[in-house]
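# Breakdown of the fold
Residues per chain, in single letters:
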Amino acid sequence: MHLKSPVSIPALTVLAALCLNAIAEPQLSSWYTGQSGKYARIFTSKANEAAGITSTTWSRGQGNQNSPTYAGVHEVHHDSGWIYIKTTGLGFHVMGPWYLNEAKTRNFPNFPSNTATTYRIPRTPTAFNGNTTTGFGSIGYFVDGVALFDATDTFSYINSSGSDGSPQGGGRGDGVWNRDAYVNEGVTFDAANAHQAMNLHHYHANAPAIRHLLGDSVDYDAGVNVYTENFNGNHSPILGWVSDGHPIYGPYAYSDPDDPDSPVKRMTSGYQKRDGSNSSTNLNVAGRTTLPQWANRLQGRTTSLASSRYGPGVSNTYTLGHYLEDYAYMGDLGLTHGIDFDLDEFNGRFCVTPEFPDGVWAYFTAIETDGTPLFPYNVGRNFYGTPSGGNTNSIPATATRSFIGGPSKQHSARDTDSRDGVITLTWDTVEGASYQVEQGPDLQNWTEGGEAFTAAAVTQTTSDTPSPASEKTQFYRLRRTGIANYDNSGFDNQFEGAGGNNNGGGGGEDNFVATFAGPPLPPADVIQELRIGNPGIPAALVSVDSRTQLTVSFDAAALPAGNHAVYVIFTTPNGAQLTLISTNRFAP
């Protein structure tokens, strides 16, 4: 069982400040991990939504979650060429409910469930290509571990039958007039603008739930499960990564793409409906007999169509905007990118951002001022770069793990408070895990005098009332004693390990590969002390493998039972002594 060593609040404060000052790579640091260790939850019905009743297990259609599972990204790895994530595909916000009609009387056929996905993204954004059309399924992932889909719902008009292809039958369609997912399926989205393809939970358009969690100009009313756009004046954060390696930001960015001191504004889409304005073809009058110029340029499709490729006339059934091809790129109508509109035909621009002060080509979410999604939503009809990323079956053994969470999340002290003789401690925990609070007068003698509890959330509060006469000095630590059953598909529980008592140790009996969350490890010649366990035994440095990983050797027979962290002690350039503690543990 792992024993958490006590850390004073001042030490935590110093460590946090150093972490903020460390140079972070956006591809590694932008993933949302603040609530890692939290169960995924859904509203199974509008009645439960109104009552605030959530479920951690559920079953409908392809979405069967017989045991609780953990939300979001739970591992991040990298090597020289790729970022790898492992995710359940389920959001940290409460998902659902989902219905097929506005009145919410017909259930959507599927619930989501743990997809146990491993996905890779190029570590460096790929150079401009522009020739590859976004395909069906995941074309990237949002930083909360939810899949990104493009603007289409994969169905199109069938000229010979005079109807759309649909999930209820009739085939996919001719592929000429492609249905807009937000327009045609938006009624099935939940409050976070998400739904399922089979059991794969995904966003097509503006994703307010993760934006809210990231602090991006979205308010949330938990009482009615409603997200509301509320511009706060700040640049949007990175919301996700596309398979071509380019980031997606929220809707707000610097008005001057080259000036980080310019005012922040909402990015305007480069597309408009083909309604006759700005000299566009008026489909209300001419009918759907031609394609927009971007279809020719991006996809090599002629704009003039044979009658057998015509779409339906604009009507109440086939409203303008029903199809992606109902939109024209404003740059083709004589308007100027950067003056009349902000985002190019791929739905992005080259600009400086807080994470890329030297500039990057990035996608942006397109919305109306009230948050209503705007075409083409997140990514244009073609990728900007080469989409070399995608699902993968495994992560190379040579890749470095930079984050592990979910059931493997390391518990820690979040806050302490002492009032009227009562000490209150707030712990970062894993939902469903069991813990024992231990206390003692020093760092060597511990008793189980504190509380034992099973965490019902990712934070847990405990308290103690020590006797001033007999307990003048008191230390506290948390020991994890077990974890409730959960859907472990796709997880590598580094806390208990396969045998239930190993917390992810690497190397041989007397060797261990230790992983650290940050700040970066110092050079070998700067390390002043290296030990395993607390107070532990001395360890010898074998190698510094990366900025977050090193290998040590030691006499394992000298260690007591339990799980032991590696401690790296060194002095920073400003003279402060810093102790780094590994996130994984060795068990003799």
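Residues numbered from 1 in each chain as written. Predicted model: local features only at pLDDT ≥ 70, side-chain atom pairs only at ≥ 80, totals over all residues. Heavy atoms only, no water.

## Re the packing of aromatic side chains
Applying the stated rule across the entire model yields 31 aromatic pairs. An angle of 90° between the planes, with centres 4.7 Å apart, marks the rings of Trp361 and Tyr363 as edge-to-face. Of the two residues, Trp361 and Tyr363, neither departs from the other in class, the shared state being buried. Feature note: the residues Tyr182, Phe189, Tyr271, Trp294, Tyr327, Tyr329, Phe341, Phe375 and Tyr377 constitute an aromatic cluster, connected by ring pairs. Above the ring of Trp82, the side-chain terminus of Arg120 is found at 3.6 Å from the ring centroid. The aromatic ring of Phe155 is capped on one face by Arg172, whose charged end is 4.4 Å from the ring centroid. (Phe/Tyr/Trp six-rings, centres within 6.5 Å; stacked < 30°, edge-to-face > 60°. Buried < 20%, exposed > 50% of the residue type's maximum accessible area, 1.4 Å probe, protein only. Lys NZ or Arg CZ within 6 Å of the ring centre and 35° of its normal.)

## A look at the sheet that holds strand β25 (residues 412-419)
In sheet architecture, strand pairing relies on hydrogen bonds along the backbone and comes in two forms, parallel and antiparallel. In space, the 3 strands of this open sheet follow the order β25-β26-β29, with antiparallel pairing throughout. With one partner strand each, in any of the chains shown, β25 and β29 (459-464) form the two edges of the open sheet. In this sheet, adjacent strand axes meet at a mean angle of 20° when their direction is disregarded. Pairing of strand β26 (residues 422-428) with β29 involves 6 bridges; the strand directions are antiparallel. Residue pairing in the sheet places Trp427 in a bridge with Gln460 of β29. (Pairing = 2+ DSSP bridges. Helix = DSSP H or I, 4+ residues; strand = E, 2+ residues; numbered from the N terminus. Axes fitted to C-alpha atoms, helices over the stretch in contact; angles between N-to-C directions.)

## Digging into the nonpolar core
In this structure, Trp31, Tyr203, Tyr363 and Phe364 are the most contacted members of the largest nonpolar core, which totals 77 residues. At 5 residues, the largest contribution of residues to this core is made by strand β22 (residues 360-364). (Core = buried A, V, L, I, M, F, W, Y, C linked by side-chain atoms within 4.5 Å.)

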